[in-house]
Amino acid sequence: MLIVMKADATERDIAEVERVITELGYRPHTMPGASRTAIGITGNDKPVDITRFEILPGVAEAIRVTKPYKLVTLDLRPEKSVISVGGDAQIGGGELAIIAGPCAVESREQVFAVAEAVRRSGARFFRGGAFKPRTSPYAFQGLGEEGLKLLAEVREAFGLKIVTEAVDEASADLVDRYADVFQVGARNMQNFSLLKRAGRSRLPVLLKRGLSATVDEWLLAAEYIMAEGNYNVILCERGVRTFTQHTRNTLDLAAIPAVQRISHLPVVIDPSHGTGKNHMVTPLARAGVAVGADGLIIEVHNQPERALSDGAQSLTLEQYEQLVHEVRAIHEVIAPAPVG
Ligand code: PEP
Ligand code: MN
């Protein structure tokens with residue numbers, strides 16, 4: 001159930017609704033909005049008694065939620081969430097968020113060379129995996145904590161916010177310590193204990209869509225994180241498995257408007273994993289911005305031919321620079337900055 005407060009409800013009215021929810025043994029999730037505050041309820045295994053809330057001061061209405069998810073929906077928060085990543089770095093606001101960097105952190109020389117180009121492009125976020133979920137156990141698994149330390153150096157030197165993946169409890173503790181955004185990879189989208197752990201992180205969470213996940217399953221994964229009290233979730237469409245042979249994955253562009261019709265969460269596109277091919281990344285990045293994505297996550301390498309992972313889909317520094325130029329122009333057309 002969802003309690004919608006009147007526009008003039010006081011802090012006290014809100015606190016009283018929260019108290020009643022807690023007293024019933026459930027968990028309140030208070031979402032302040034531009035025009036009103038709504039309070040989601042989780043933890044109930046049977047329908048909540050609406051009459052218990054309708055009589056409380058400041059309550060406009062109590063709505064029964066019929067969808068499988070509650071906290072991700074526009075019913076709870078009708079305006080889009082803007083996720084603040086510290087300073088003026090945001091995902092979901094008016095600015096197109098660009099997250100760029102190598103697939104994996106390999107060396108100081110590599111991350112510094114790429115970060116310099118990322119900073120120069122005006123992007124605010126740097127990506128790079130220190131813990132890599134690889135198909136083969138013999139493939140490069142990432143530098144671990146040493147990689148996170150290099151990412152922290154990048155933040156220090158370039159002022160970029162760090163987006164990096166956690167794959168289990170131990171890496172989650174380290175990511176929490178060193179990073180700015182906690183990435184949950186496609187292969188872990190239904191790793192429910194990791195989702196709950198991300199829900200207890202102080203960091204915003206970038207949640208990739210699973211390799212064969214439906215939009216509903218993806219949103220329910222976001223719901224897991226939010227139900228733990230972390231409302232700062234960014235969805236990432238990175239392509240799904242289909243029968244095609246011309247791409248690594250099929251980038252599901254229609255998922256963007258599909259999600260935006262249901263959820264207030266920002267959604268970014270990953271055309272690198274979404275195509276797996278260098279020459280397809282820029283065209284699909286353009287398309288992603290054109291369908292209304294809130295941002296892009298792009299793999300970039302100073303020497304793609306030498307990359308320890310995902311070299312085939314990594315852009316060179318020059319290609320990346322050109323991509324940013326193009327996608328900004330498209331974003332400007334479809335979401336012009338307000339004048340004055
Ligand atoms: C990544 O971003 O490096 C990654 C492993 O992506 P995905 O989880 O989408 O495969
Ligand atoms: Mn990769």
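Preceding block: the structure.
The present account deals with the structure reproduced in this document. (Residues numbered from 1 in each chain as written. Chains lettered and ligands numbered in written order. Predicted model: local features only at pLDDT ≥ 70, side-chain atom pairs only at ≥ 80, totals over all residues. Heavy atoms only, no water.)

### Looking at the coordination of the manganese ion (ligand 2)
Binding of the manganese ion (ligand 2) to the protein goes through C103 (SG), H273 (NE2), E299 (OE) and D310 (OD), at separations of 2.0 to 2.4 Å. One chain supplies every donor for the manganese ion (ligand 2), spaced along it as C-x169-H-x25-E-x10-D. Taken as a pair, C103 in the loop between β7 (97–101) and α3 (108–120) and H273 in helix α9 (residues 271–275) lie far apart in primary sequence, 170 residues in all. For the pair C103 and H273, one class covers both residues: buried. (Donors = N, O, S within 2.8 Å, 3.2 Å for Na, K, Ca; no water. Helix = DSSP H or I, 4+ residues; strand = E, 2+ residues; numbered from the N terminus. Buried < 20%, exposed > 50% of the residue type's maximum accessible area, 1.4 Å probe, protein only.)

### Re the environment of D252
Mapped onto the elements of the fold, D252 is located in the loop between β12 (233–237) and α8 (255–262). The contacts of D252, once residues within four sequence positions are left out, are R209, E237 and G239. Here R209 takes part through its side chain, which lies 2.8 Å from a polar atom of the side chain of D252. (Contact = heavy atoms within 4.5 Å. Polar contact = N/O pair within 3.5 Å; in protein donor to acceptor, adjacent residues only side chain to side chain.)

### Comments concerning the layout of surface pockets
To find leftover empty space, a probe the size of one water molecule is rolled over the atoms. Approximately 260 Å³ is the volume attributed to the largest pocket. Residue lining of the largest pocket: 19 residues in total, with P133, R187, R248, H273 and D310 positioned closest to the centre. The residue inventory of the lining of the largest pocket, partitioned by class, reads 4 nonpolar, 6 polar and 9 charged. (1 Å grid on protein atoms, 1.4 Å probe; cavity = no way out; pocket = protein on both sides within 12 Å on 5 of 7 lines; lining within 4 Å. Points joined across faces, edges and corners; volume = space filled by probe spheres on them. Nonpolar A, V, L, I, M, F, W, Y, C, P; charged D, E, K, R; others polar.)

### Looking at the pattern of salt bridges
Counted according to the given criterion, the structure contains 22 salt bridges. Of the charged contacts in the structure, one is a salt bridge between E145 and R177, with a shortest N-O distance of 3.8 Å. Of this pair, E145 sits in helix α4 (residues 145–158) while R177 sits in helix α5 (residues 169–178), and the two are 32 residues apart along the sequence. Here E326 ties to R286 by a salt bridge, and the two come within 2.6 Å at their closest N and O atoms. Here the residue E326 occupies a position in helix α11 (residues 317–334), and R286 occupies one in helix α10 (residues 278–290), the gap between them amounting to 40 residues. Residue R286 is classed as partly exposed on the basis of its relative accessible area of 32%. By sharing partners, the salt bridges in this structure join E16, R19, E23 and R52 into a single network. (Salt bridge = Lys/Arg side-chain N within 4 Å of Asp/Glu carboxyl O.)

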